[in-house]
Amino acid sequence: MSSDDTIEQLPSGIALAWGVAATPQRGPKREMSVEKIVDAAIEIADSDGIQAVSMSAVAKRLGYTPMSLYRYVSSKDDLLLLMQEEATGLPPEADGEVLSWRARLSELYQAQSLIYVRQPWLLSMPITGSPITPNSSAWLEAGLEALSDTGLSEEERIAVSLLVTGVARWKGMIAAGYEEQSRTTGLDAAEVASREQRLFDAVITEDGYPFLRRAIDAGVFTSESDPFDFGLERGFDGVEAFIDGVERRRSGAESGTADGSGATAPADSSGDAAGEAADGKATIADDDPDVIADKKLREAQKAVRQAQKVLAEARKRERQVRREAKERVAKRR
């Protein structure tokens, strides 16, 4: 099977995402494009939620008829796929600095978490299979690259990469839920937490739920510590110990014991936070609502998305030129 045959068999949404779908020959004034349609759909999702997105709503926003959109995007499912691809964007570059696998995966985790906080409608979209679109594949590629020198098998690298994605998604779901509560009730985050505390006090008794009651009294649900960050770090501790064991066995230094002895002790990541506390400065998280709402930050994020579009177009052009080059070479031979 030739590469062209494979391209022809791609589902329409995936072909559009990779930039290999046929360009429509007819359209309203040739001013419409897949990119404009997707951008308009994302604007609707950002303001009104994913449930408000429809072909008719997007067409109305752009000033065209719904049928005119179908010349570019053949179905709503394809539109949702392209929205997801656009909103996901590309993973952050490593900035030329050589990071440990743990530091790089932490960087990817924080970046993914921010995407879900910024555009929580992504969490309402079903996961229908493995990542096949360019940007989704790029995120998985970045995770696998970070683990390339660890000695883990391909299956183990995939598993660790999915651990990072899973925790980021779970964190985003909880953050989106609390944000929705704040939006619908008019309460800020502290007031939502206080309201939950009162509900707990009303129904969770020491006789019925002694351990949960003890945790509530200790303030775990009003604490500023991030349980997802903590959980991921402990997961990394386990992966680090596993990698150490793989390296010892590979070098022939494995003692043969199965108790996991000799594993490297996890690094204490609390030093930076303690230093900031000692300086008397409040620690502001990347996903703080005021940070996310900052005008200059949003402008910078918009600039990044625009740059990603330019890069995507350049890659699309590269693929097209490569296909044309192969056709020229085939004709000469």
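What you are looking at is a predicted structure, and each value in this text was computed from that prediction instead of being measured.

Novice: I would appreciate a short explanation of the overall build of the protein in the present structure.
Specialist: Secondary structure summary: the protein contains 15 helices and 0 strands in total. Only carbon and sulfur atoms are counted for the fraction: they give 54% of the accessible area of the protein, which is about 21000 Å².

Novice: Looking at this structure, I do not really get the pattern of salt bridges. What am I missing?
Specialist: A side chain with one charge may pair with a side chain of the opposite charge, provided their charged atoms come close. Taken as a whole and assessed by the stated rule, the structure comprises 12 salt bridges. In this structure, the salt-bridge partner of Arg102 is Glu240, at a minimum N-O distance of 2.6 Å. One end of the pair, Arg102, is in helix α7 (residues 101-118); the other, Glu240, is in helix α12 (residues 227-251), and 138 residues separate them in sequence. Notably, a salt bridge pairs Glu180 with Arg183, separated by 2.7 Å at the nearest N-O pair. Placement of the pair is Glu180 and Arg183 together in helix α9 (residues 154-185), with a separation of 3 residues, close to one helical turn. On the accessibility criterion, Glu180 (36% relative accessible area) is partly exposed.

Novice: Please explain the packing of helix α8 (residues 134-146) against α9 as it appears in this structure.
Specialist: Describing two packed helices takes the angle between their axes plus the distance from one axis to the other. Remark: α8 packs on α9, axes separated minimally by 9 Å, with the N-to-C direction vectors making an angle of 120°. Taken together, the axes of α8 and α9 are oblique relative to one another. In this structure, α8 crosses over α9, and the sense of that crossing is right-handed. Here Leu140, Gly143 and Leu144 of α8 lie close against α9, whose contacting residues are Arg157, Ile158 and Ser161.

Novice: In this structure, what is going on with the layout of surface pockets? I would like to understand it.
Specialist: Over the atoms rolls a probe the size of a water molecule, and in doing so it shows where empty space is left. The space that makes up the second largest pocket amounts to roughly 1100 Å³. Along its surface, the second largest pocket is lined by 36 residues, and Gln84, Ile127, Gly129, Pro131 and Ser136 are the ones closest to its centre. Of all the secondary-structure elements, those providing two or more residues to the lining of the second largest pocket are α2 (12-18), α6 (76-88), α7, α8 and α9. Looking at the lining of the second largest pocket, its residues break down into 19 nonpolar, 13 polar and 4 charged.

Novice: Would you mind going over the nonpolar core with me for this structure?
Specialist: Nonpolar side chains in soluble globular proteins tend to end up buried together. Membership of the largest hydrophobic core comes to 50 residues, with the highest contact counts inside it found for Val53, Val58, Leu79, Met83, Leu105 and Trp121. When contributions to this core are tallied by element, the ones reaching two or more residues are α2, α3 (34-48), α4 (55-62), α6, α7, α8, α9 and α12. At 8 residues, α3 tops the list of elements feeding residues into this core. Setting aside residues up to four positions removed in sequence, Val53 forms contacts with Ala41, Ile44, Ala45, Val58, Lys76, Leu79 and Met83.

Novice: Please explain the packing of aromatic side chains as it appears in this structure.
Specialist: Two aromatic rings, taken as a pair, are described by how far apart their centres are and by the angle between their planes. Scanning the entire structure with this criterion turns up 3 aromatic pairs. Centre to centre, the rings of Trp101 and Phe236 are 5.6 Å apart; their planes meet at 85°, and the pair counts as edge-to-face. Highlighted residues: Trp101 in helix α7 and Phe236 in helix α12, separated in sequence by 135 residues. With relative accessibility at 14%, the residue Trp101 sits in the buried group.

Novice: Which parts of the structure should I look at to understand helix α10 (residues 189-203)?
Specialist: Owing to its 3.6 residues per turn, the α-helix brings residues three or four apart onto one side. Helix length check: α10 (15 residues) gives 22 Å between terminal C-alpha atoms against 21 Å at 1.5 Å per residue, within 8%. For α10, the set of buried residues is Val192, Ala193 and Glu196. With its buried residues spanning 95° around the axis, α10 presents them on a single face. Exposed residues on α10 whose side chains face more than 90 degrees from its buried face are Ala190, Arg198 and Ala202. On its buried side, α10 packs onto α9. Where α10 starts, the residue carrying a side-chain oxygen 3.2 Å from the main-chain nitrogen of Ala190 turns out to be Asp188.

Cut-off values and rules
- Residues numbered from 1 in each chain as written.
- Predicted model: local features only at pLDDT ≥ 70, side-chain atom pairs only at ≥ 80, totals over all residues.
- Heavy atoms only, no water.
- Helix = DSSP H or I, 4+ residues; strand = E, 2+ residues; numbered from the N terminus.
- Areas by Shrake-Rupley, 256 points an atom, 1.4 Å probe, with all protein chains shown as cover.
- Salt bridge = Lys/Arg side-chain N within 4 Å of Asp/Glu carboxyl O.
- Buried < 20%, exposed > 50% of the residue type's maximum accessible area, 1.4 Å probe, protein only.
- Axes fitted to C-alpha atoms, helices over the stretch in contact; angles between N-to-C directions.
- Parallel < 35°, antiparallel > 145°, perpendicular 65-115°, else oblique.
- Left-handed = near helix turned anticlockwise from the far one by under 90°.
- Contact = heavy atoms within 4.5 Å.
- 1 Å grid on protein atoms, 1.4 Å probe; cavity = no way out; pocket = protein on both sides within 12 Å on 5 of 7 lines; lining within 4 Å.
- Points joined across faces, edges and corners; volume = space filled by probe spheres on them.
- Nonpolar A, V, L, I, M, F, W, Y, C, P; charged D, E, K, R; others polar.
- Core = buried A, V, L, I, M, F, W, Y, C linked by side-chain atoms within 4.5 Å.
- Phe/Tyr/Trp six-rings, centres within 6.5 Å; stacked < 30°, edge-to-face > 60°.
- Expected span 1.5 Å × (residues − 1).
- Arc of directions from axis to C-beta.
- Polar contact = N/O pair within 3.5 Å; in protein donor to acceptor, adjacent residues only side chain to side chain.

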